[in-house]
Amino acid sequence: MAYSSDFLKDKITIQNRTASRDGAFGREGGQFEDGATIHANVKWVKGIKALHEGAVDAYDTVMVRCRWREDLKRESRIKWKGRTYQIQSFYDDYEANEMQLTCVEIQK
């Protein structure tokens, strides 16, 4: 069952890597570019749950839940409230129309 509209109260921006000038992706090539802005539910991962997930600092780890999106991949990044997050764990279910991500803030 998909998440209800009132549950998805936050807005996040999906960032995906673009190809570099030579057409290569990977670590050396491309930059992350803003894509779609979508509704999601974002919560801080705190306490025991953060420890179980291996978070060093619980304050920079968030859990993101949203409806299933084809453009949101394990390699994507998330922007929320002016901060950028790298996806650490990724669960998606097309039939249930749900995605759940654990993300850690990255320093630029």
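Residue positions within a chain follow its written sequence, with the count starting from 1. Side-chain atom pairs in this predicted model are given and counted only at pLDDT of 80 or more, local residue features only at pLDDT of at least 70, and totals for whole chains, interfaces and linings cover all residues. As a rule here, side-chain values cover all heavy atoms of the structure and leave hydrogens and water aside.

Caption draft 1: Quick look at the overall build of the chain. Put simply, DSSP marks the helices as runs of H or I at least four residues long and the strands as runs of E at least two long, and each gets a number from the N terminus on. In terms of regular secondary structure, the chain is built from one helix and six strands. Across the chain, helices and strands are ordered from the amino to the carboxyl terminus as β-β-α-β-β-β-β. Here the term buried applies to any residue with accessible area under 20% of the maximum for its type, exposed to any over 50%, and partly exposed to those in between, with areas from a 1.4 Å probe on protein chains only. In the chain, which comprises 108 residues, the proportion classed as buried is 37%. The contact criterion used is simple: two residues touch if any of their non-hydrogen atoms lie within 4.5 Å. Considering only contacts in the chain between residues 6 or more positions apart, those separated by 24 or more positions represent 53%. Exposure was quantified through the Shrake-Rupley algorithm and a 1.4 Å probe, taking into account, for residues, occlusion by the shown protein chains and nothing else. As displayed, the chain has an accessible area near 7200 Å², and 48% of this comes from carbon and sulfur atoms.

Caption draft 2: Region of interest: the confidence of the model for the chain. A score from 0 to 100, pLDDT tells how confident the predictor is in each residue. On average, residues of the chain score 83 in pLDDT, and 76% of them reach the 70 mark or higher. Across the chain, the element-wise mean pLDDT spans from 59 in helix H1 (residues 47-52) up to 96 in strand E4 (residues 77-80).

Caption draft 3: Quick peek at the pairing of strand E1 (residues 10-17). For two strands to be treated as a pair, DSSP must find at least two bridges joining them. Alignment of E1 against strand E2 (residues 32-44), held across seven bridges, turns out to be antiparallel. Bridge pairing in E2 links Lys11 to His39. In this sheet, E4 lies alongside E1 in antiparallel orientation, the contact comprising three bridges. Following the sheet pairing, Ile14 is matched in E4 by Ile78.

Caption draft 4: Structural context of unusual backbone geometry. Of note in the backbone geometry, Lys81 takes a positive phi value of approximately 50° without being a glycine. Note on placement: Lys81 falls in the loop between E4 and strand E5 (83-93). The backbone of Asn97 sits at a positive phi, close to 60°, despite the residue not being glycine. Locating Asn97 in the fold gives a position in the loop between E5 and strand E6 (98-105).

Caption draft 5: Seen up close, the environment of Arg69. Among the structural elements, Arg69 can be located in the loop between strand E3 (61-66) and E4. Of the residues examined, Arg69 reaches a relative accessible area of 26% and is grouped as partly exposed. A sequence separation of 28 residues divides Arg69 from Asn97, and the C-alpha atoms of the two residues are 8.3 Å apart. With near-sequence residues (within four places) excluded, Arg69 lies in contact with Ile14, Ala36, Ile38 and Met99. Here a polar contact is taken to be a pair of N or O atoms separated by no more than 3.5 Å, where protein atoms must pair a possible hydrogen donor with a possible acceptor and residues adjacent in sequence count only if both atoms sit in side chains. In terms of polar contacts, Arg69 uses its side chain to reach the side chain of Asp71, at 2.9 Å.

Caption draft 6: Main features of the environment of Phe32. Examined against the element boundaries, Phe32 turns out to sit in strand E2. Setting aside residues no more than four positions away along its own chain, Phe32 makes contact with Gln15, Asn16, Arg17, Glu75 and Arg77.

Caption draft 7: Quick peek at the nonpolar core. By convention a nonpolar core is built from buried Ala, Val, Leu, Ile, Met, Phe, Trp, Tyr and Cys residues, the set being connected through side-chain atoms within 4.5 Å. If you look at the biggest cluster of nonpolar residues, it comprises 17 residues, and the most contacted ones within it are Ile12, Val64, Leu72, Ile78, Leu101 and Cys103. Elements supplying a minimum of two residues to this core: E1, E2, E3, E4, E5 and E6. Excluding residues within four positions of it along the chain, Ile12 makes contact with Ala36, Thr37, Ile38, Ala40, Val42, Val64, Ile78, Lys79 and Trp80.

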